[in-house]
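# Observations on chain architecture
One letter stands for each residue in the lines below.
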Amino acid sequence: MKVEERFSRVPEPVQKRIVFWSFPRSEREICMYSSLGCHPPEGERDSRVPFNRGLHLLQSGAVDRVLQVGFHLSGTVTEPAGPSEPELSFLVSISFDRCKITSVSCACDNRDIFYCAHVVALSLYRIRNARQVELRLPISETLSQMNRDQLQKFVQYLISAHHTEVLPTAQRLADEILLLGSEINRVHGAPDPTAGAGIEDANCWHLDEEQIQEQVRQLLSSGGYYGASKQLQSMFNKVREMLRMRDSNGARMLILMTEQFLEDPRLALWRQQGAGMTDKCRQLWDELGALWVCVVLNPHCKPEERAPWLALLKKWNKLDVCPLEEGNYSFDVPGATVALQLPSVPSAAGTHQTVFGRAIKAGELRWGDCHLQKILGSDCYGLGMKTGGDKLCFDPQGRPLWLGDPFPTACARVDALRSHGYPREALRLATAVGNTMRLQRRHQLESYKQQKKEILHKGSTSITNLEGWVGHPLDPIGCLCRTLLEPCRTDQEGMSLYPDAAVDGKKKVLYQHVPVPSSPGSGESYLALALEVALAGLGQQRAMPEGLYAQDKVVRSEEQLIALLDEMEPDERLVQVLRKQAALLLEGGPFSGFGEVVFRESVPMHTFARYLFSALLPHDADLAYRLALRAMRLPVLETVMPTGDILHQNPLDSMMANRFPRWFILGHLETRQCELASAMLTAAKGDPKWLHTVLGSIQQNIHSPALLFKLAQDACKTATPASASPDTTLLNISLELGLQVMRMTLNTMTWRRREMVRWLVSCAPEIGVQALMNIMQNWYSLFTPIEATTIVAVTGTTPATLLRLNLAFGQQDELCARARAVALQCAMKDPQNCSLPALTLCEKDHAAFEAAYQIVLDSAAAAGMGHSHLFTVARYMEHRGLPLRAYKLATLAFSHLSIAFNQDTHPAVNDVLWACSLSHSLGKNQLSAIVPLIIQSVQCAPMLSDILHRWSLPPPGLAPLSGRRHAPKAPGLDKAPLCQLLEAAIAAYVSTTHSRLTHISPRHYSELIEFLCKARETFLLAPDGHLQFSQFLDNLKQTYKGKKKLMLLVRERFG
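It should be emphasised that the depicted structure is a prediction, and the values quoted were computed from it without experimental measurement. The residue count restarts for each chain, going from 1 along the sequence in the order it is written. Given that the model is predicted, a residue must reach a pLDDT of at least 70 before its local features are reported, and side-chain atom pairs must reach 80 or more before they are shown or counted; all residues, however, enter totals for whole chains, interfaces and linings. Excluding hydrogens and water, the side-chain figures rest on all heavy atoms present in the structure.

## Regarding the confidence of the model for the protein
Let me state the cut-off plainly: Summary of the metric used: pLDDT quantifies the predictor's per-residue confidence within the range 0 to 100. Under the DSSP-based scheme used, a helix requires at least four consecutive residues in state H or I and a strand at least two consecutive residues in state E, with every element numbered from the N terminus. Residue contacts are defined here by distance: any two heavy atoms, one from each residue, within 4.5 Å place the two residues in contact.
Looking at the protein, the pLDDT average stands at 82 and 86% of residues meet or exceed 70. Looking across the protein, the model is least confident in helix H27 (residues 651-659), with a mean pLDDT of 40, and most confident in helix H24 (residues 606-616), with 97. The low-confidence segment residues 641-660, where pLDDT is below 50, has 32 contacts with residues more than four positions distant or belonging to other chains. Overall, residues 957-971 carries pLDDT values under 50, and its contacts beyond four positions in sequence, including any with other chains, amount to 24 contacts.

Okay, here's the thing in structure tokens:
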């Protein structure tokens, strides 16, 4: 009954009690509106948070002159003086109604979405010192007790005290009151700001809407900066906090934020450019959509409250800039329904919807179902029921089921209950949903057993559930697990409402078994049920969604759930659940990611399998290995879908085939596959049976050479600990993996290939000399010839390797002979690159050296080696003290060499000059033999001239590169063979000059004049050289007389 209905005039004591108890009594609510995160005061450490500053001001005695007049609280808060700031006092006013602060005012003029520190200080003062605050009735009650003279005196004193502020207002009000028929005279009574609101007035906490909009706008304009994203996430967390406190401002704040998100100018830009939004932005939009699902699913929301929200959502949903939900999920596809029969494959893949699509569909859900209300209303619903009960409402043990929604939607109901402050009801529904999922899996297994033979014979399957529960936008598995784990925590704080909330990372979470009331005889606990739900969700076979973000979210969600599982200490009861669920996953067929046959684009189980392997290994090693080995598959890399299957019975297949290979996270998945394999190899150390089984799985399923190489390195390190004897089996497996990498990369060279070869050759001696011998014997299937000669054969016979092998002399000789044989084979296969390394390796064995030299000669004759390689080997022979062999190879090199007239800087210039010096030092016969080869191979006039000048000097062995330019004519230039070379040089100058003059430009005239100067030096080496050069110039002047400027320059220089 209303107080006003009981009393014609409310007695003063009653009024005082109402006014006294109408101020908020919970500091948690003050904290909620003055900090981003709601934590106990003792846990707050950041002095910048308004709540912390206000608490400090209160504790330092800064609050003074506190007065409560009706529903209005005022006081003065003094900020202490700082190093450069004076002491400041601020007048604070707070209006409140029915335990909620409805408006605040502070002279500090702080503009923020939160209450300032001064409002916090005054509010906390009133909560902690309520009996010490001077209390007065609403001012209208005090005025009603005054007569006319007292009222006039009161008004005049008030005006006198504040005449500069209120005098114009007082005069205006007086004029209106004295005017008959004015608006103020037609209204009964007068307003009283201290009297509180009426019963029909809205009652909600004060929220500065303008500041919320402005702050969200500024944070969005900051782009993808980490700090901005973190603050926006904190604001979403604040909305969840308000929902949990059943504060209507939660939805109000969410509306304000959504409007600013939709006004983000980047949305239109991304749409115009066809580009995807950033990951940080996409995460924020996901959270926004999930929050709206939570808001519209408020279990105690009236239809008239929900209707405006749905109208807004439908309006936003139609906007062009409204983002689409990434992935191929749908809200209520048949495959997602928690049903007892085998789910059927839908006829078509679900179309894309916006981020608000789920919230709009959630708005159609109701909470009035009788069975649902009974589940929420009691822990004992269904107890004592026999098996013959309603099979659609109870399982065979009499535990209630909830089949009214698809699984993600049922979990969204659980999240809504928990988010809106109904933890017990959320726990009851979560238990029913968990039991339903358990029963569904049992029926799925029975259905699969009937079809198992057909599926295994076919060798392929299709996804029975289009939407995966891990990585789903509504996070059904995570929501269910956190709800079930909340009562199991041993600490008093309970789990965070939202998984991303800041918690103390150093504090280890401890759980205990709490029995489920609906299963009194089974000994089941919420902790065991949470584990079962998580294992079933993680092990579900599901298709990889489309889009980089959706795929990345699958990975992140999986890692978050596994991190949650890692917090559970595996006691005996949990190990039993682990073993049972692991066995079910192996037998689950197309419903399990560990089934015998999986869809080619189903999400791999590597990360989850690694957790299961580590958890099961101490308790059931056989089961742990079976699970991990089954999970090693990566079907998307193993099979290619035939084009003829595109019109197969499952429409999803064609959709998947058309977008293959759009797995943006494939590299990450392959790394996880490698980590699983590494964990198995490490655990199997000392067990040859499992080591060979794991090796077979690795060779069959891992297709990345880089990852195989990493596995080989890790296995080698594990097999050779510093303080124990090596594990020979594991070492052999390491070597076998290395050999596989060599075979895989032999024809597709990678930048790490050289490192891989060196590691393999260093690993083989760890096993023994026979391993190294086998590698050398089979080099052609593992290495390129250049690798085999320069790395394998050389490294295998270094003193360090021989010392490490600790071989007898006979064994050393055998190994070195094998290395020389490899070098000779490589030289025959690739003489151009391997001849010199082979010669170097065979230096100490005469027969092998001769064989290598003969290979070089044969290759040169068969054009198997270029001039540069032949010159290199020739220089090596000279260095070895074999000048005649060097000369022989040099003459062979000339047969492959051709230097044109304009190739003054040809790479072989130095080699030609070296060969000429070598032949000069050997004698006239060699000189006579090489001149025709030079004339045939070299048409470059300056080079021929340089050779002539070098040969005009006495033979010092190796002549210097540049001789005297104006050396006197040497004897012999007029005789064979040098006269032939001189004629060739003069002819080369003549032809080169004519060639250059054909297309010459004025800017090259000076270069031609210098060229003619060099030509004259060569002409003058001939007995009649002066005459020949004059005739040559006359011919030029006659032939090119049209080039007057050039001919003028020729006359000026040469006459």
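Next comes the rest of the account.
## With respect to the packing of helix H10 (residues 209-221) against helix H12 (residues 249-262)
Selection criterion: With axes taken as lines fitted to C-alpha atoms, and helix axes fitted only over the stretch in contact, angles between N-to-C directions fall between 0 and 180 degrees. Angles below 35 degrees are treated as roughly parallel, those above 145 as roughly antiparallel, those between 65 and 115 as roughly perpendicular, and all remaining angles as oblique. A crossing counts as left-handed when the near helix is turned anticlockwise from the far one by less than a right angle, and as right-handed when that turn is clockwise. Ten residue types, Ala, Val, Leu, Ile, Met, Phe, Trp, Tyr, Cys and Pro, are classed as nonpolar, four, Asp, Glu, Lys and Arg, as charged, and the remainder, Gly among them, as polar.
Packing of H10 against H12 leaves a shortest axis separation of 9 Å and a crossing angle of 40°. The orientation of H10 with respect to H12, classified from their angle, is oblique. The interaxial crossing formed by H10 with H12 has right-handed handedness. On the side of H10, the interface is formed by Glu209, Ile212, Gln213, Val216, Arg217 and Leu220, while H12 contributes Arg252, Met253, Leu256, Met257, Glu259, Gln260 and Phe261. Of the residues in the contact of H10 with H12, the class split is seven nonpolar, two polar and four charged.

## Here's the deal with helix H30 (residues 705-719)
For the record, the criterion: One less than the number of residues in a helix, times 1.5 Å, gives the span that helix is expected to have. Only protein chains enter the accessibility calculation, which uses a 1.4 Å probe; a residue whose area is less than 20% of its type maximum is buried, one above 50% is exposed, and one in between is partly exposed.
An ideal rise of 1.5 Å per residue puts 21 Å on 15 residues; H30 measures up with 21 Å between its terminal C-alpha atoms. By the burial criterion, the buried members of H30 are Leu707, Leu708, Phe709, Leu711, Ala712, Asp714, Ala715, Cys716 and Ala719. Buried residues belonging to H30 abut helix H28 (666-683), helix H29 (688-701), helix H31 (728-745) and helix H32 (753-767).

## Digging into a nonpolar patch on the surface
Let me state the cut-off plainly: Patch membership is restricted to residues that have no salt bridge and whose relative accessible area is over 30%. Joining uses 9 Å for like charges and 5 Å for the nonpolar side chains Val, Leu, Ile, Met, Phe, Trp and Tyr. All accessible areas in this document rest on Shrake-Rupley with a 1.4 Å probe, and a residue is counted as covered only by the protein chains that are shown. Only one rule defines a salt bridge in this text: a Lys or Arg side-chain nitrogen within 4 Å of an Asp or Glu carboxyl oxygen.
Taken together, the side chains of Ile139, Phe154, Val155 and Leu158 define a hydrophobic patch exposed on the protein surface, amounting to about 290 Å² of accessible area. The leading source of residues in the nonpolar patch is helix H7 (residues 148-161), at three residues. Structurally, Leu158 is set in helix H7. A relative accessible area of 44% places Leu158 in the partly exposed class.

## Brief notes about the pattern of salt bridges
Summed over all chains, the structure comprises 38 salt bridges. Arg252 is the partner of Glu209 in a salt bridge, and the nearest nitrogen-oxygen pair spans 2.8 Å. Here Glu209 is found in helix H10, whereas its partner Arg252 is found in helix H12, with 43 residues between them in sequence. We classify Arg252 as partly exposed; its relative accessible area is 24%. One salt bridge connects Arg240 with Glu287, and the closest N-O pair in it is separated by 3.2 Å. Within this pair, whereas Arg240 is found in helix H11 (residues 226-244), its partner Glu287 is found in helix H14 (residues 279-296), the two being separated by 47 residues in sequence. One exposure class covers both Arg240 and Glu287, and it is buried.

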